[in-house]
There are 2 protein chains.
Amino acid sequence: MQDCIFCKIARKEIPAQIIFEDEQILAFRDIDPKAPQHILLIPKEHIATINDLVTEQSHLVGRMTLTAAQLAKQLGFANQGYRLVMNCNEHGGQTVFHIHLHLLAGRHLLWPPG
Amino acid sequence: MQDCIFCKIARKEIPAQIIFEDEQILAFRDIDPKAPQHILLIPKEHIATINDLVTEQSHLVGRMTLTAAQLAKQLGFANQGYRLVMNCNEHGGQTVFHIHLHLLAGRHLLWPPG
């Protein structure tokens, strides 16, 4: 998608603090972190919202989650813990319409989750 | 797992307001809801934390997410939106050690997510 900010990050047209990349997934630091560790994981393929996810793409969410756990281990906060969040549309608070998984860690995340 | 409360729900040894079930996934209402709609999705297979997820199981998280989106459509709040949350260990606020995806909707979820 030409004007999608996360597609532009995936194409390296916009800089980001990228911490993981493979053929399908990109992980980079959130520019407005809400915890000491706040990383976003996206599929390189443009999918606007979770509502748009089709069965053939659902493995990407599995891979994003697995990658988040692997990053948590590499960065040393897996045992202490973390929270994974995906927002959909207005009530969820989605601001960029390219699906992304928030990985938050480094402090006790409170309940309710927003 | 003999003593896991979510395994017991999956085996129907403990009652729950089940709203979806197939061979791999179960969805039921949270007994302490934090939003007008608060549903938990679990794999029937016992996986203690996201850290324990292995590659061969990651498709289950994809299916849980896809099922959450399908439930959001069926229950009529997909367009308005929702939030998906998974907690891992103490900092994440994980209380039941059988992985589960929270689906919250029916109000504006705030930011930060806890």
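So, here is what we can say about the structure in this document. The structure displayed is predicted, hence computed values, not measured ones.

What about the interface of chain A and chain B?
Every contact between the two is made by 40 residues of chain A and, on the other side, 40 residues of chain B. Both faces considered, chain A and chain B share a buried interface measuring about 3900 Å² in area, 57% of it formed by carbon and sulfur atoms. Between chain A and chain B we count zero salt bridges in total. Our count for the contact surface shared by chain A and chain B stands at 30 residue pairs in polar contact (both at pLDDT 80 or more). Of all the secondary-structure elements, those providing two or more residues to the side of chain A that touches chain B are α2 (58–74), β4 (82–88), α3 (89–92) and β5 (101–105) of chain A. Taken together, the residues of the side of chain A that touches chain B sort by class into 18 nonpolar, 17 polar and five charged. Here β4 of chain A pairs with strand β4 (residues 82–88) of chain B via seven bridges, running antiparallel. From the neighbouring strand, N87 of chain A faces β4 of chain B, where its bridge partner is R83 of chain B.

Observations regarding the pattern of salt bridges
Residues and elements named next belong to chain A. One pass over the structure, following the stated rule, counts ten salt bridges over all chains. R11 is the partner of E13 in a salt bridge, and the nearest nitrogen-oxygen pair spans 2.7 Å. On the basis of relative accessibility, which here comes to 36%, the residue R11 falls in the partly exposed class. With its nearest N and O atoms 2.9 Å apart, the salt bridge here joins K12 to E21. Residue class for K12 comes out partly exposed when judged on its relative accessible area of 47%. Under the relative-accessibility criterion, E21 is labelled partly exposed at 34%. One network of salt bridges, with partners in common, ties together K12, E21 and K44.

About the criteria used
Residues numbered from 1 in each chain as written. Chains lettered and ligands numbered in written order. Predicted model: local features only at pLDDT ≥ 70, side-chain atom pairs only at ≥ 80, totals over all residues. Heavy atoms only, no water. Contact = heavy atoms within 4.5 Å. Buried area = accessible area lost by both parts, 1.4 Å probe. Salt bridge = Lys/Arg side-chain N within 4 Å of Asp/Glu carboxyl O. Polar contact = N/O pair within 3.5 Å; in protein donor to acceptor, adjacent residues only side chain to side chain. Helix = DSSP H or I, 4+ residues; strand = E, 2+ residues; numbered from the N terminus. Nonpolar A, V, L, I, M, F, W, Y, C, P; charged D, E, K, R; others polar. Pairing = 2+ DSSP bridges. Buried < 20%, exposed > 50% of the residue type's maximum accessible area, 1.4 Å probe, protein only.

Nothing here speaks to function; it is all geometry.
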